[in-house]
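The lines below spell out each chain.
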Amino acid sequence: MRTPPRRERGNPEADAGDPERLYVITGGPGGTERAPLDLVTMIVARDEPSPTVQPEQAAILRLCRAPLSVAELSAYLSLPFSAMTVLLTELLATGLVESRAPVVRAALPDRSLLEAVMHGLQRL
Amino acid sequence: MDFRGSDPTDSGTISAGSSFDTIDTGSSGAVSAGSSSDAIGKGPCGTVLGPRSEDILPTTATSAVKIVIVGGFGVGKTTMVGSVSEIRPLTTEETMTRAGVGVDDNSGVESKTATTVAMDFGRISITDRLVLYLFGTPGQERFWFLWNGLFEGALGAVVLVDTRRLEVSFDVIGRLEERGVPFVVAVNTFPDAPHHPAEELRKALDLPDEVPVVDCDARLRASCRDVLLTLTRYLYALSVPPG
Ligand SMILES: Nc1nc2c(ncn2[C@@H]2O[C@H](COP(=O)(O)OP(=O)(O)OP(=O)(O)O)[C@@H](O)[C@H]2O)c(=O)[nH]1
Ligand SMILES: [Mg+2]
């Protein structure tokens, strides 16, 4: 049988692209400080939408009556992740929603977390 | 923190949401990135469908973790996300511009092109407090930066490979190593794909002995679940302090 091709370690593809040259279109006001939101930061509404909030923000508040990740909000509202973080930054600042940061991998993974994930997957 | 589930006395601070299926985005629409996913059909008059009622998370579900599924073009990432997700897979999109000086423009004049990159993801509820998200990342790793924090904080990664085209997954493995993201390799078994002995594959991918290499069929839920379990067990083994 033909032997498979071999990977060379530490030799990333030459045409990997210059990250300096790619820009995200945020659609947000220039220079605005944005809340540090992860794709899986969980968002929960704390209030009903008031008549004054923007339609997209009212939609977020209705969707977040139960917890939803920023990624899910982005998908359901068909808005790019970066645009979603702009809208959520405002809602967080006015206290209309609250956020829960994800549980992240630390240098040493949390064993009780991993046990929970294992048990959850075994039930699938 | 205790992830084993809530005790009934813990009512949480979040008021329970009523069940709903559609939300009105108002007449302005404000939908900038059309989604290719039919999981989010749009109703008439600018209404956007939300989660199906059976997909609404309990109010206690406020802790989330993520695992990323990586691999070159067409290796089965989307298929794997769809096989294990409890919700119909969703798509999040990001739009970027690229300054095109001297790249695809011989005149040397600055031109900008907008590109939309999609990433699909799914969800598995682990307990009533903890939710696992799975992201099927874009095949080209130069787009990964678009989602800030996609890899930072991820528990780990599954590298899907297709033995007919092993080389399309070389770069993503290198990138994971650079970022220090622990990963397992899952060999997606396409019917006409050559079967290499595990040791030959490990050599070809230049993997350290401890990195698990398993076979899978991305179309089967049980097979994908086993891959995720292999990753979780591997992470667990890594968490044992040496000595
Ligand atoms: N026989 C077989 N076919 C598969 C398997 N996994 C995926 N496929 C098929 O392979 C094709 C590509 O799968 P996708 O899941 O779209 O691959 P992907 O990695 O998301 O592709 P890109 O997003 O385009 O990079 C589809 O036609 C799948 O139906 C598998 O385990 N076995
Ligand atoms: Mg795909």
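Only a predicted model underlies this, so the values are computations on that prediction, with no experimental measurement involved.

A.B. asks: Which residues make up the pattern of salt bridges, and what values do they have?
C.D. replies: Residue and element names in this part refer to chain B. Evaluated as defined, the whole model comprises 18 salt bridges over all chains. Across the pair E141 and R175 runs a salt bridge whose closest N-O atoms are separated by 3.9 Å. In this pair, E141 sits in the loop between β6 (130-136) and β7 (156-161) while R175 sits in helix α2 (residues 170-179), placing the two residues 34 residues apart along the sequence. In this structure, R164 and D162 form a salt bridge, with 2.9 Å as the shortest nitrogen-oxygen distance. For D162, a relative accessible area of 0% translates into the label buried.

A.B. asks: Summarise the sheet that holds strand β4 (residues 97-100) of chain A; cite the residues concerned and give the values.
C.D. replies: All names here are of chain A. Taken together, three strands build an open sheet; the order of strands is β3-β2-β4 and the sheet is antiparallel. A single partner strand is all that each edge strand has here, and the edge strands are β3 (68-69) and β4. The pairing of strand β2 (residues 42-45) with β4 spans four bridges and is classified as antiparallel. Looking at β4, one finds that V44 is bridged to E98.

A.B. asks: Describe the confidence of the model for chain A, with residues and values.
C.D. replies: Per-residue pLDDT for chain A averages 83, and the proportion of residues at 70 or more is 77%. Every residue in residues 12-21 of chain A is under pLDDT 50, and counting partners more than four places away or in other chains gives 13 contacts.

A.B. asks: How would you sum up the site of ligand 1? Please name residues and give values.
C.D. replies: All names here are of chain B. Around ligand 1, the structure places 14 residues, and the nearest of them are G74, K77, T78, T79 and N188. Between an oxygen atom of ligand 1 and a side-chain N or O atom of N188, the distance comes to 2.4 Å. Here ligand 1 has 650 Å² of accessible area as a free molecule, and 66% of this is covered by the chains. For the shell around ligand 1, the element with the highest residue contribution is helix α1 (residues 77-84), accounting for three residues.

A.B. asks: Which residues make up the side chain of B:E94, and what are the values?
C.D. replies: Within the secondary structure layout, B:E94 lies in strand β4 (residues 90-99). Only 2.7 Å separates the side chain of B:E94 from the side chain of A:S82, close enough to count as a polar contact.

A.B. asks: I'd love a proper account of the packing of aromatic side chains, names of residues and values included.
C.D. replies: For the structure shown, the criterion picks out two aromatic pairs over all chains. Consider the rings of B:W144 and B:F151, whose centres lie 4.4 Å apart with planes at 40 degrees: the pair is tilted. The residues B:W144 and B:F151 share a single accessibility class, namely buried. When the ring centre of B:Y236 is taken as reference, the NZ or CZ atom of A:R111 above it lies at 4.0 Å.

A.B. asks: Give me the confidence of the model for chain B: which residues, what numbers.
C.D. replies: Residue and element names in this part refer to chain B. Looking at chain B, pLDDT values average 79 and 73% of them are 70 or higher. The low-confidence segment residues 6-46 (pLDDT under 50) makes 85 contacts with residues lying over four places distant or belonging to another chain. Across the interfaces of the predicted complex, the ipTM metric reaches 0.83, alongside a pTM of 0.82.

A.B. asks: Help me get a handle on the pairing of β7(B), residues and values and all.
C.D. replies: Residue and element names in this part refer to chain B. Counting buried positions along β7 gives six out of six residues, so the element sits mostly inside the fold. Bridge count for strand β3 (residues 63-70) against β7 is four bridges, and the pairing is parallel. Directly across from I69, in β7, lies its bridge partner V158. Where β7 and strand β8 (residues 183-188) come together, five bridges link them in parallel fashion. Each bridged residue has a counterpart across the sheet, and for V161 the counterpart in β8 is V187. Each parallel crossover has a hand, and for β7 linked through α2 to β8 it is right-handed.

A.B. asks: Requested: an account of unusual backbone geometry, with residues and values cited.
C.D. replies: Positive phi values are uncommon outside glycine, yet A:S78 reaches one of about 50 degrees. With respect to the helices and strands, A:S78 occurs in the loop between α2 (70-76) and α3 (81-93).

A.B. asks: So, the packing of α1(B) against helix α4 (residues 221-238) of chain B: which residues are in play, and what are the values?
C.D. replies: Residues and elements named next belong to chain B. One can describe the packing of α1 onto α4 by two numbers: an axis separation of 8 Å at closest approach and a directional angle of 100 degrees. In terms of axis orientation, α1 runs roughly perpendicular to α4. Two secondary-structure elements touch here, α1 through M80, S83 and V84 and α4 through R221, C224, R225, V227 and L228. Of the residues belonging to the contact of α1 with α4, the class tally is five nonpolar, one polar and two charged.

Rules used throughout
Residues numbered from 1 in each chain as written. Chains lettered and ligands numbered in written order. Predicted model: local features only at pLDDT ≥ 70, side-chain atom pairs only at ≥ 80, totals over all residues. Heavy atoms only, no water. Salt bridge = Lys/Arg side-chain N within 4 Å of Asp/Glu carboxyl O. Helix = DSSP H or I, 4+ residues; strand = E, 2+ residues; numbered from the N terminus. Buried < 20%, exposed > 50% of the residue type's maximum accessible area, 1.4 Å probe, protein only. Pairing = 2+ DSSP bridges. pLDDT = per-residue confidence, 0-100. Contact = heavy atoms within 4.5 Å. Near = heavy atom within 4 Å. Polar contact = N/O pair within 3.5 Å; in protein donor to acceptor, adjacent residues only side chain to side chain. Areas by Shrake-Rupley, 256 points an atom, 1.4 Å probe, with all protein chains shown as cover. Phe/Tyr/Trp six-rings, centres within 6.5 Å; stacked < 30°, edge-to-face > 60°. Lys NZ or Arg CZ within 6 Å of the ring centre and 35° of its normal. Right-handed = clockwise from strand over helix to strand, strands pointing away. Axes fitted to C-alpha atoms, helices over the stretch in contact; angles between N-to-C directions. Parallel < 35°, antiparallel > 145°, perpendicular 65-115°, else oblique. Nonpolar A, V, L, I, M, F, W, Y, C, P; charged D, E, K, R; others polar.

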